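# Structural features, examined
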Amino acid sequence: MAIEEELEGLSFPEAPKIVVKPPGPKSLELLNAQRELETKSLIYPKAFRFAIDAAKGATIRDVDGNYYIDWVAGIAVLNVGHNNPYVKQAVMEQLDRYWHWMSEIPSEARIRFLRNLHSILPGDLKGKAKVMTTVTGADACEAAVALARWVTKKPIIMAFEGAYHGVHQGIVMATAKTELQQYAGVPLVNVVRVPYPYPYRCPLPAKDAEDCGNAVLNYIDHLLSDPYTGIGEVGAIIVEPIQGEGGYIVPPRNFLRGLREIADKHGILLIVDEVQTGVGRTGKWWAVEHFGVTPDIMCISKAIGGGIPTSVVAYRAEYDEKLPDEAFHFGTYRANPLALAAGAAVIEYIQSRNLLDRTLQLGDYARRAFEDVAERYSIIGDVRGLGFMIGIELVRSKDTKEPGANLASEVRRRMFERGVLMHTCGHFGNVMRFMAPLVLTRRHLDEGIRIFEEVVRELSREVR
Ligand SMILES: Cc1ncc(COP(=O)(O)O)c(C=O)c1O
């Protein structure tokens, strides 16, 4: 069967179809029950007011019978789509055998997962790295930082403005959002914060994107070279190759390679957080491949479990010699067998359907379509992205670049009411992010962009 035909069959053909304005009565009942029973410390039920009934491919049905095109993918997790039949079969087969055991004992499923993962690692990590399994993205980032400290014996890590690496008490220090650090109740220790080259809003004086990359690189090099900067002994730099929660910010082309050179020059490890960017999201297995850079340590999560929680740290094999003989980072639930089966199948599915090339091409097409929309309306300041990771930054005016946070939440709400799920991100909450499953059909892409433009047109008139 031709791939496009297969992908058509993965999603609900009805989407988008709104039969009752969300939240419909059944959704409302469940939302109200949730409010009574659960903590208010939730994000998504406030942004998308519905209750889910079923999901297929790049589409979702709510309990009131509305069908949505899904451009959220469970927050960049379901790269091969909801309910992917190939992944489902692998999980069912594993389910028939066992679904939890002492988590480190080997099995065929575990080795299949590890072999598949090793075969797609970037650069000279491929086939040569060591891999440590963890459970969540934050867990992987924490393990990565702990590993770097073991290897370098240096306590300080360098992290970026706009970074998001999770909210666990350790790693939240590397996450840049001040309020998240305050919520976790931990002081900012052992972290040096540096600017990220955000071409649309470069934090340092610069005439263009490349200049912005160079300005940041020069500053970082200065911090590490001058003994009188007071930053302490830096062992590692942790970086997202494209910032996710920070606003889908693609750094200038020179940046990651420059960072690699600085890390090597100063004997510092480069930790790349591919939690959101990895497993094909940008049209390559890893975003670092767009920039020709190989990390020393890489954090992987989200899509690697196909929707079943798991994460991994991949690192240069020689670091094993520096680790204590006892395990230093572990947990009851790491490497869940269902997640390993799903993860192995995700990799095979992407390979067998040539989804990376498709994502590059269709992602390019989507970015250009969003750029076209941006030219027509004053409330879109910037469009950027690679593959199926595209950010559209909303502003009150193109001239002032004043962030339009309420515009973004309004675009999200109005798209939702028309049957397209699209989430926000960004320093000011003003960036719409396209992070659809890679199995999204061209038809659902075009229809979603049409609805996006309709909403942007309406809002542009209201802002005037
Ligand atoms: C780049 C990045 N790192 C780490 C995390 C944290 O992952 P988790 O939510 O699984 O802890 C996220 C989550 O969005 C992320 O985008």
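Labelled according to an unreviewed UniProt entry, the chain appears under the name Aminotransferase class-III, originating from Vulcanisaeta distributa. Regarding the chain, the relevant UniProt record gives this comment under Cofactor (unreviewed entry): "pyridoxal 5'-phosphate". Among the UniProt annotations of the chain, the heading Sequence similarities (unreviewed entry) holds the following wording: "Belongs to the class-III pyridoxal-phosphate-dependent aminotransferase family."

So, on to the nonpolar core. Within the largest apolar cluster, 123 residues are counted, with the highest numbers of intra-cluster contacts made by Trp71, Phe370 and Phe452. Ranked by residue count, the leading element in this core is helix α12 (residues 337–352), at 9 residues. When residues of this core are sorted by domain, at least three fall in each of domain 1 (3–71 + 354–463) and domain 2 (85–352). Ignoring any residue separated from it by four or fewer positions in sequence, one finds phenylalanine 370 in contact with Trp71, Val383, Ile390, Ile392, Met422, Phe434, Ile449 and Phe452.

Another point: the sheet that holds strand β3 (residues 67–70). What the 4 strands build is an open sheet, ordered β1-β2-β3-β13; its pairing is mixed. Of all the strands in the sheet, the pair left with one neighbour each is β1 (52–56) and β13 (420–421). As judged from the 3 bridges shared by strand β2 (residues 59–62) and β3, these two strands associate in the antiparallel manner. What sits directly across from arginine 61, in β3, is tyrosine 67. Sheet contacts for helix α15 (residues 442–463): β2, β3 and β13; angle to β3, the most-contacted strand, approximately 100°.

Let us look at the domain arrangement of the chain. Annotation of the chain at the domain level lists domain 1 (3–71 + 354–463) and domain 2 (85–352). Spacing between the C-alpha centres of domain 1 and domain 2 amounts to 26 Å. At the junction of the two partners, domain 1 supplies 35 residues and domain 2 supplies 29 residues. Together, the buried faces of domain 1 and domain 2 total about 2,600 Å²; carbon and sulfur atoms form 60% of this surface. Our count for the contact surface shared by domain 1 and domain 2 stands at 2 salt bridges. We note a salt bridge from glutamate 393 to arginine 201, for which the minimum N-O separation is 2.7 Å. Scanning the region where domain 1 abuts domain 2 turns up 17 residue pairs in polar contact (both at pLDDT 80 or more). Of all the secondary-structure elements, those providing two or more residues to the side of domain 1 that touches domain 2 are α1 (3–10), α13 (355–376), β11 (380–386), β12 (389–394) and β15 (431–434). In terms of residue count, the dominant contributor to the side of domain 1 that touches domain 2 is β11 (5 residues). Within the side of domain 1 that touches domain 2, the residues separate by chemical class into 20 nonpolar, 9 polar and 6 charged.

Moving on to the sheet that holds strand β14 (residues 423–425). A sheet is described by the order of its strands in space; here 4 strands give the open sequence β11-β12-β15-β14, paired in antiparallel fashion. Across the chains shown, the open sheet's two edge strands, defined by having one partner strand only, are β11 and β14. When the angles between neighbouring strand axes are averaged without regard to direction, this sheet yields 30°. Sheet analysis places β12 next to β15, joined by 4 bridges and oriented antiparallel. By the bridge assignment, isoleucine 390 is partnered in β15 with phenylalanine 434. Where α13 meets the sheet, its contacts fall on β11, β12 and β15, and the angle it forms with β11 comes to roughly 175°.

Positionally, proline 241 belongs in the loop between β7 (234–239) and α10 (255–265). Taking C-alpha positions, proline 241 is 20 Å from isoleucine 156, a pair spaced 85 residues apart along the chain. Among residues more than four places away in sequence, those in contact with proline 241 are Tyr196, Pro251, Leu256, Val272, Asp273, Glu274, Thr277, Ala287, Val288 and Phe291.

Bringing a nonpolar patch on the surface into the picture now. Together, Met92, Leu95 and Trp99 give the surface a local cluster of nonpolar side chains, amounting to about 320 Å² of exposed area. Looking at where leucine 95 falls in the secondary structure, it is placed in helix α5 (residues 85–97).

What follows deals with the site of the ligand. Neighbouring the ligand are the residues Thr136, Gly137, Ala138, Tyr164, His165, Gly166, Glu240, Glu245, Asp273, Val275, Gln276 and Lys302. In this structure, an oxygen atom belonging to the ligand sits 2.9 Å away from a main-chain N or O atom of alanine 138. Within the backbone of tyrosine 164, an N or O atom sits 3.3 Å from a nitrogen atom of the ligand. For the ligand, whose accessible area on its own is 390 Å², the fraction buried by protein is 83%.

As enumerated under the stated definition, the model contains 1 disulfide in all. The disulfide that involves cysteine 202 links it to cysteine 212, with 2.2 Å between the sulfurs. Between cysteine 202 and cysteine 212, the S-S dihedral sits near 95°, and the bridge is therefore right-handed. Here cysteine 202, found in the loop between β6 (191–194) and α9 (209–225), pairs with cysteine 212, found in helix α9; they are 10 residues apart in sequence, far enough to count as distant. The exposure class assigned to cysteine 202 is partly exposed, which follows from its relative accessible area of 23%. Classification of cysteine 212 as buried rests on a relative accessible area of 1%. No disulfide involves cysteine 299; its nearest neighbouring cysteine sulfur is the one of cysteine 141, lying 3.8 Å away. Judged by relative accessible area, which is 0%, cysteine 299 ranks as buried. Lacking any disulfide linkage, cysteine 425 is separated from the closest cysteine sulfur, that of cysteine 141, by 17 Å. A relative accessible area of 6% means that cysteine 425 is categorised as buried.

Applying the stated criterion to the full structure yields 16 aromatic pairs. Taking the centre distance of 6.0 Å and the plane angle of 85° together, the rings of tryptophan 71 and phenylalanine 370 count as edge-to-face. Residue tryptophan 71 is found in the loop between β3 and α4 (73–76), and its partner phenylalanine 370 is found in helix α13; the two are separated by 299 residues along the sequence. Lying across the ring of tyrosine 200, lysine 401 places its NZ or CZ 4.4 Å from the centre. Just above the ring of phenylalanine 48 sits the side chain of arginine 412; from NZ or CZ to the centre is 6.0 Å.

How each quantity is defined
- Residues numbered from 1 in each chain as written.
- Predicted model: local features only at pLDDT ≥ 70, side-chain atom pairs only at ≥ 80, totals over all residues.
- Heavy atoms only, no water.
- UniProt positions renumbered as here; feature names shortened; annotations may be inferred.
- Core = buried A, V, L, I, M, F, W, Y, C linked by side-chain atoms within 4.5 Å.
- Buried < 20%, exposed > 50% of the residue type's maximum accessible area, 1.4 Å probe, protein only.
- Helix = DSSP H or I, 4+ residues; strand = E, 2+ residues; numbered from the N terminus.
- Domains from an automatic or database assignment.
- Contact = heavy atoms within 4.5 Å.
- Pairing = 2+ DSSP bridges.
- Axes fitted to C-alpha atoms, helices over the stretch in contact; angles between N-to-C directions.
- Buried area = accessible area lost by both parts, 1.4 Å probe.
- Salt bridge = Lys/Arg side-chain N within 4 Å of Asp/Glu carboxyl O.
- Polar contact = N/O pair within 3.5 Å; in protein donor to acceptor, adjacent residues only side chain to side chain.
- Nonpolar A, V, L, I, M, F, W, Y, C, P; charged D, E, K, R; others polar.
- Patch = residues over 30% accessible without salt bridge, like charges linked within 9 Å, V, L, I, M, F, W, Y side chains within 5 Å.
- Areas by Shrake-Rupley, 256 points an atom, 1.4 Å probe, with all protein chains shown as cover.
- Near = heavy atom within 4 Å.
- Disulfide = S-S within 2.5 Å.
- Phe/Tyr/Trp six-rings, centres within 6.5 Å; stacked < 30°, edge-to-face > 60°.
- Lys NZ or Arg CZ within 6 Å of the ring centre and 35° of its normal.

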